[in-house]
Amino acid sequence: MTISKLKKKEELKRERNWDPRKRWKAIQETISWAETLAAVPRNSREACLRKQARLLGS
Amino acid sequence: MNIDRILRVLNHNRVAYLLIGGVNFLLRHQPVLTCDIDVWIEDTEKNRSRCEKALSQLKAEWGSADDNWVPVAKHGPGWLKRQAVFCMISPHGAIDIFRQVKGLKDWSSCFDRSVRGKTGGVSFRGLSDKDMLKCQKALSVSEQKQDRIRALNQAIKRNQQ
């Protein structure tokens, strides 16, 4: 089995064994953690301009 | 997901690892939604054993099938040798352990090129931008993340200037 196929199979197995509430909590915690990182400026001028340029296709 | 805690336990157990995937990209470039932490370990018996110990301490759970999904501490020593990739859950978040990574051949060379980082006071080594790009390009087009490829290409170009 290729690594890609094994990874997909493993992900599906984990999903079946992961309590949906706990999974949602993990996603929320990850977002909160990312928000605390000064190195990941989601709301910075640079990030906004980068996104805008991408959307405008330049 | 308590990424700092997961990295701290890996470091404490002296696991030789590289942070790869979405969290590595997020820490160095821009936010992406990810619900697991991807770790590529050096594939030696000693290191796998250290990693098994760390995962037990993190109370990770995994099973080779749904009917034997249990805390990893219940699997006998050497269980990480069973396959190339493991997707598990833990109270600190989902953890993916890779013994092999598609598109990358040699862990040691990638480690030499890796980038030092710090999150929440915890040090880690993350896969370099060039190696992250190699991983993306090794995937099928439908699996590739075009946003990441674009950001990585831009970062590599910036660093060359």
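Quick caveat: nothing in here was measured; it's all calculated off a predicted structure. For every chain, the first residue of the written sequence is number 1, and numbering continues from 1 along that sequence. Written order decides the labels, with chains lettered from A and ligands numbered from 1. Per-residue local features of the predicted model are confined to residues with pLDDT of at least 70, and side-chain atom pairs are confined, for both listing and counting, to 80 or more; whole-chain, interface and lining totals are unaffected and use all residues.

J.: For the interface of chain B and chain A, give the residues involved together with the corresponding values.
T.: Where interface size is given, it is often the accessible area lost as the parts come together that is meant. Between chain B and chain A, the residue contacts involve 24 residues of the former and 23 residues of the latter. For the side of chain B that touches chain A, the elements supplying multiple residues, two or more each, are helix 2 (21-28) and strand 5 (85-88) of chain B. Helix and strand definitions follow DSSP, with helices as H or I runs of at least four residues and strands as E runs of at least two, each counted in order from the N terminus. In terms of residue count, the dominant contributor to the side of chain B that touches chain A is strand 5 of chain B (four residues). Residues are sorted three ways: Asp, Glu, Lys and Arg are charged, Ala, Val, Leu, Ile, Met, Phe, Trp, Tyr, Cys and Pro are nonpolar, and all the rest, Gly among them, are polar. Residue composition of the side of chain B that touches chain A, grouped by class: 14 nonpolar, seven polar and three charged. Contact criterion: two residues are in contact if their C-beta atoms, reconstructed from the backbone, are within 7 Å.

J.: Just give me the short version of the pairing of strand 2 (residues 36-41) of chain B, but keep the residues and values in it.
T.: Residue and element names in this part refer to chain B. Residues are called buried when their C-beta atom has 20 or more other C-beta atoms within 10 Å, exposed when it has 12 or fewer, and partly exposed otherwise; all C-beta atoms are positioned from the backbone. Across the six residues of strand 2, six count as buried, placing the element largely inside the fold. Where burial is concerned, the two faces of strand 2 agree: the one with Asp-36, Asp-38 and Trp-40 and the one with Ile-37, Val-39 and Ile-41 are both buried. Of the strand pairs in this sheet, strand 2 and strand 6 (residues 94-98) are connected by five bridges, and their pairing is parallel. Residue Trp-40 lies in a different strand from strand 6, and its bridge partner there is Phe-98. The pairing criterion for strands is at least two bridges between them, as found by DSSP.

J.: Quick one: what's the story with unusual backbone geometry, residue by residue and with numbers?
T.: All names here are of chain B. Even without being a glycine, Arg-14 presents a positive backbone phi close to 55 degrees. With respect to the element layout, Arg-14 can be found in the loop between helix 1 (3-12) and strand 1 (17-20). Given 12 C-beta atoms within 10 Å, Arg-14 falls into the exposed group. Located in the positive-phi region is Lys-59, a residue other than glycine, with phi close to 55 degrees. Checked against the element boundaries, Lys-59 lands in the loop between helix 3 (45-57) and strand 3 (61-62). A count of 13 C-beta atoms within 10 Å places Lys-59 in the partly exposed class.

J.: Account for the packing of helix 5 (residues 129-138) of chain B against helix 6 (residues 146-160) of chain B, naming residues and giving values.
T.: All names here are of chain B. Axis angles are defined between N-to-C directions and span 0 to 180 degrees, where every axis is a line fitted to C-alpha atoms and, for a helix, only to the segment in contact. At a closest axis distance of 9 Å, the pairing of helix 5 and helix 6 adopts a crossing angle of 150 degrees. The orientation of helix 5 with respect to helix 6, classified from their angle, is roughly antiparallel. Crossing hand, helix 5 versus helix 6: left-handed. Facing helix 5, whose interface residues are Asp-129, Lys-130, Met-132, Leu-133 and Gln-136, helix 6 presents Arg-148, Ile-149, Leu-152, Asn-153, Ala-155 and Ile-156. When the residues that make up the contact of helix 5 with helix 6 are grouped by side-chain class, the tally is six nonpolar, two polar and three charged. Working rule for angles: under 35 degrees goes down as roughly parallel, over 145 as roughly antiparallel, 65 to 115 as roughly perpendicular, anything else as oblique. Crossing handedness follows the turn of the near helix against the far one: under a right angle anticlockwise gives a left-handed crossing, and clockwise gives a right-handed one.

J.: Provide a residue-level description of helix 1 of chain B, including the pertinent values.
T.: Side chains three or four residues apart in an α-helix point the same way, a direct result of the helix having 3.6 residues per turn. Every buried residue of helix 1 of chain B is accounted for by Ile-3, Ile-6, Leu-7, Arg-8, Val-9 and Leu-10 of chain B. Positive backbone phi, approximately 55 degrees, marks Arg-14 of chain B, located one or two places after helix 1 of chain B.

Take it as geometry only, folks, not as evidence of what the structure does.
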